[in-house]
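# Results of the structural survey
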Amino acid sequence: QVQLVESGGGLVQAGGSLKLSCAASGRTFSTLAMAWFRQAPGKEREFVAGISYSDMSTYYAAFVKGRFTISRDNAKDTVYLQIHSLKPEDTAVYYCAADIKRRAGVAVGFRFYDYWGQGTQVTVSS
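An account of the accompanying structure is given in this report.

Reading guide: rules and limits
- Residues numbered from 1 in each chain as written.
- Predicted model: local features only at pLDDT ≥ 70, side-chain atom pairs only at ≥ 80, totals over all residues.
- Heavy atoms only, no water.
- Buried < 20%, exposed > 50% of the residue type's maximum accessible area, 1.4 Å probe, protein only.
- Helix = DSSP H or I, 4+ residues; strand = E, 2+ residues; numbered from the N terminus.
- Pairing = 2+ DSSP bridges.
- Axes fitted to C-alpha atoms, helices over the stretch in contact; angles between N-to-C directions.
- Disulfide = S-S within 2.5 Å.
- Core = buried A, V, L, I, M, F, W, Y, C linked by side-chain atoms within 4.5 Å.
- Phe/Tyr/Trp six-rings, centres within 6.5 Å; stacked < 30°, edge-to-face > 60°.
- Lys NZ or Arg CZ within 6 Å of the ring centre and 35° of its normal.

### Section: the pairing of strand β1 (residues 3-7)
- The alternating pattern of β1 places L4 and E6 on a buried face, while none of Q3, V5 and S7, on the opposite face, is buried.
- Sheet topology places β1 next to strand β3 (residues 18-25); 5 bridges connect them, and they run antiparallel. Paired with S7 across the strands is S21, a residue of β3.

Dropping the structure here:
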């Protein structure tokens, strides 16, 4: 089993920045592809960014490229999401997810992920 715990969310003004963290335990972290998803009120969960296990290749949803950066620190068993220039439409619960299947890249569909964190709330005021 893999346990994922997100942190770093909060209430910020538009234009501000946040750095979200997701700490993993229960499995060798370097073998996990990791991703961030978000879910806004009344909307489906959507892919935000992912990072592969194999070569640390990164993938981003088109609508967040240029503002969000995903990274991982295998020594700390942690994946991060750095967010700049936050917009009110970024308001959502942000979840991290782990894929154990050792894919060449990352999957963008939430059904491909095996483990999920509890989520951390990001609220952006205008």
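### A word on the sheet that holds β1
- The strand order across the open sheet built from 4 strands is β1-β3-β8-β7, with neighbouring strands paired in antiparallel fashion. Two strands in the sheet have a free side with no partner beyond their single neighbour: β1 and β7 (68-73). Strand-to-strand twist of the sheet, defined as the mean angle between neighbouring strand axes without regard to direction, takes the value 15°.

### Notes on the pairing of strand β4 (residues 33-39)
- Extensive coverage of β4 is indicated by the burial of 6 of its 7 residues.
- In the sheet, β4 pairs with strand β9 (residues 92-99) via 7 bridges, with the strands oriented antiparallel. When the bridges of β9 are listed, W36 appears paired with C96.
- Where β4 meets strand β5 (residues 46-51), 5 bridges bridge the pair, whose relative direction is antiparallel. Within β5, the position partnered with A35 by the bridge is G50.

### Brief notes about the state of the cysteines
- Summed over all chains, the structure comprises 1 disulfide.
- With its sulfur 1.8 Å from that of its partner, C22 forms a disulfide with C96. Note that C22 is positioned in strand β3 and C96 in strand β9, a separation of 74 residues in sequence. The same class applies to C22 and to C96, which are both buried.

### A closer look at the nonpolar core
- In terms of nonpolar packing, the biggest core is built from 37 residues, with L4, M34, W36, L81 and Y94 touching the most fellow members.
- Mapped onto this core, the elements with two or more residues apiece are β3, β4, β5, β7, β8 (78-83), β9 and β11 (120-125).

### Digging into the packing of aromatic side chains
- Scanning the entire structure with this criterion turns up 5 aromatic pairs.
- Three or more aromatic residues link up through ring pairs in this structure, and these residues are F37, F47, Y95, Y113 and W116.
- It is R72 that lies over the ring of F29; its NZ or CZ is 4.5 Å from the centre.

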